[in-house]
Amino acid sequence: FDLFQLSPDFLASAKRSQKQYRKMSSASSDDYPEFSLSKGRFDMSTFGGRFSHFSNLIDPRTLMPSVFFGMNLEKAREVVRTAKKAQGGDEAAKAEISKYSNKELWTARKIKESAVHPDTDEIIPQPFRMAGFVPYGTPVVAGMILTSHSYLGTIVFQILNQSHNAMINYSNRNATAATTLGDLAQGYMGAVGTSVGVALALERLIEHLPSTIAPSTRNLITKLVPFPAVATANIANLVLMRRRELVDGIEVTLPDGTVVGKSAAAAKQAIFETGITRVALPVPLFFLPPLIMSSLEKNILKNASRAVTVSANVGIVAGVFALGLPAALALFDQYGTIKVEKLEDSLRAKLEKMGVNASELTYNKGL
């Protein structure tokens, strides 16, 4: 999974980036709110705020924080732990945390949250972090588009894509609901079978299109095949992997983080919202690159070599991916809310027994 080759040019560029970052850190941090572990840096009640939040979360530079931010993951986790103690009143922690600027504290939290699961506190492997989605997923997505005219290419890249997706889904799941290896296997097999089956069926249909359709139009339609295949597979994977949550429920909490219990109603809402996100994500990813490339191949890239065409395709996919991913994730907040009146009777009774007069509870939707 070692995606990055640390050439001298890359290291020199990274060092310049690190110096620029440190220079910025020492400057005014007016664009950063006062550091908090309970509140986010951005306004999560708006799409723009959520887009900024998820763009920050998927920043690929966090895969190499020592190079780009001058702080490794373990140091970031240590800083966040110290900040938590300081906010709890620990005087020694307060003295230690005062050594860091407001921006450095937010950077430590960013690095930590990009790599550590919020429920289990376990480090997520790089390829399966949200920050690794674009750099590790772009070659696979480009491969699906470029080989959509080939049965073998379709099968290979659909399997690779669903393998990557399955591990990202599992690594970023709501871990308060148990997910067994059987659930993971069923979700994976269901997604692979669905994506390959839909893609091959559509390719067969395209082969029987009327001969009056222009070759360029037929080629464009062929390149759009991955979208319905991936969108359908995403839903199949989601439902198969998280179906237990619909029965067992997921944890719902008070605003202060106190766990009230598990709710199947909250799970249903979380899975529905996640499903919309999973369908929205492939829309720009599998529509825009083929449309853009189709136009370029008729003009600028008309006589270009295969290498240039492939490079352009990969570059366009990466750019669209980098913008489309946070836009899809921003449709809903990762931490959703559910009205108390929609909860199960047992949970409402528990709230009354606790003497809590809350109108909404919070849950981790998953990504």
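Residues numbered from 1 in each chain as written. Predicted model: local features only at pLDDT ≥ 70, side-chain atom pairs only at ≥ 80, totals over all residues. Heavy atoms only, no water.

A. Expanded view of the overall build of the chain. On a plain count of helices and strands, the chain comes out with 16 helices and four strands. In terms of principal-axis extent, the alpha carbons of the chain reach across some 75 × 55 × 35 Å. For the chain, buried positions account for 46% of its 367 residues. Intrachain contacts of the chain at a sequence separation of at least 6 include 75% that bridge at least 24 residues. For the chain, the exposed surface amounts to about 18200 Å²; the carbon and sulfur share of it is 60%. (Helix = DSSP H or I, 4+ residues; strand = E, 2+ residues; numbered from the N terminus. Buried < 20%, exposed > 50% of the residue type's maximum accessible area, 1.4 Å probe, protein only. Contact = heavy atoms within 4.5 Å. Areas by Shrake-Rupley, 256 points an atom, 1.4 Å probe, with all protein chains shown as cover.)

B. Region of interest: the packing of aromatic side chains. Throughout the structure, instances matching the rule amount to four aromatic pairs. When the centroid spacing of 5.3 Å and the interplanar angle of 65° are considered together, the rings of Phe 133 and Phe 321 count as edge-to-face. Within this pair, whereas Phe 133 is found in helix H7 (residues 130–146), its partner Phe 321 is found in helix H15 (residues 306–329), the two being separated by 188 residues in sequence. Phe 133 gets classed as buried once you look at its relative accessible area, which sits at 10%. We classify Phe 321 as buried; its relative accessible area is 2%. The ring of Tyr 32 carries Arg 41 above its face, with NZ or CZ at 3.9 Å from the centroid. (Phe/Tyr/Trp six-rings, centres within 6.5 Å; stacked < 30°, edge-to-face > 60°. Lys NZ or Arg CZ within 6 Å of the ring centre and 35° of its normal.)

C. Region of the structure containing the pattern of salt bridges. One pass over the structure, following the stated rule, counts 10 salt bridges. One salt bridge connects Asp 121 with Arg 77, and the closest N-O pair in it is separated by 3.3 Å. One end of the pair, Asp 121, is in the loop between helix H6 (102–115) and H7; the other, Arg 77, is in helix H4 (residues 73–87), with 44 residues separating them in the sequence. The class of Arg 77 is buried, set by a relative accessible area of 12%. When the shortest N-O distance is used, the salt bridge between Arg 109 and Glu 113 registers 2.7 Å. Of the two residues, Arg 109 and Glu 113 are both situated in helix H6; the distance of four residues between them amounts to about one turn of the helix. Taken together, the shared-partner salt bridges connect Asp 59, Arg 61 and Lys 110 into one network. (Salt bridge = Lys/Arg side-chain N within 4 Å of Asp/Glu carboxyl O.)

D. Here's a closer look at the packing of helix H8 (residues 151–171) against helix H11 (residues 226–242). Between H8 and H11, whose axes approach to 11 Å, the crossing angle comes to 35°. Crossing geometry of H8 relative to H11 is assigned as right-handed. For the pair formed by H8 and H11, the contact residues are Gln 158, Asn 161, Gln 162, Asn 165, Ala 166, Asn 169 and Tyr 170 on the first element and Pro 226, Ala 229, Val 230, Ala 233, Asn 234, Asn 237 and Met 241 on the second. Of the residues contributing to the contact of H8 with H11, the split by class is seven nonpolar, seven polar and no charged. (Axes fitted to C-alpha atoms, helices over the stretch in contact; angles between N-to-C directions. Left-handed = near helix turned anticlockwise from the far one by under 90°. Nonpolar A, V, L, I, M, F, W, Y, C, P; charged D, E, K, R; others polar.)

E. Structural view of unusual backbone geometry. The backbone of Asp 121 shows a phi angle near 65°, a positive value even though the residue is not glycine. Here Asp 121 falls in the partly exposed class, since its relative accessible area comes to 41%.

F. How the structure looks around the pairing of strand E2 (residues 259–263). Pairing of strand E1 (residues 250–253) with E2 involves four bridges; the strand directions are antiparallel. Of the residues in E2, the one forming a bridge with Val 252 is Gly 261. If you look at the hairpin formed by E1 and E2, you'll find five residues sitting between the two strands, and Gly 257 has a positive phi there, around 95°. (Pairing = 2+ DSSP bridges.)

G. Representation of the confidence of the model for the chain in the model. Summarising the model, the chain shows a mean pLDDT of 84, and 90% of its residues fall at 70 or more. In the model of the chain, helix H1 (residues 8–26) stands out as the element of lowest mean pLDDT, 50, in contrast to H4, which has the highest, 95. (pLDDT = per-residue confidence, 0-100.)

H. Seen up close, the packing of helix H14 (residues 282–298) against H15. The interhelical angle for the contact between H14 and H15, taken along N-to-C directions, is 145°, at an axis separation of 9 Å. Read as a crossing pair, H14 and H15 show a hand that is right-handed. Where H14 abuts H15, its residues Pro 284, Leu 285, Leu 288, Pro 289, Ile 292, Met 293, Leu 296 and Glu 297 lie against Thr 309, Ala 312, Asn 313, Ile 316, Val 317, Val 320, Phe 321 and Gly 324. Looking at the contact of H14 with H15 residue by residue, the class counts come to 12 nonpolar, three polar and one charged.

I. Representation of the environment of Gly 49 in the model. Relative to the helices and strands, Gly 49 resides in helix H2 (residues 47–57). The class for Gly 49 is buried, based on a relative accessible area of 9%. Considering only alpha carbons, one finds Gly 49 and Ala 349, 300 residues apart in sequence, at a separation of 35 Å. Gly 49 has contacts with Phe 42, Asp 43 and Met 44, leaving out every residue within four places of it along the chain.

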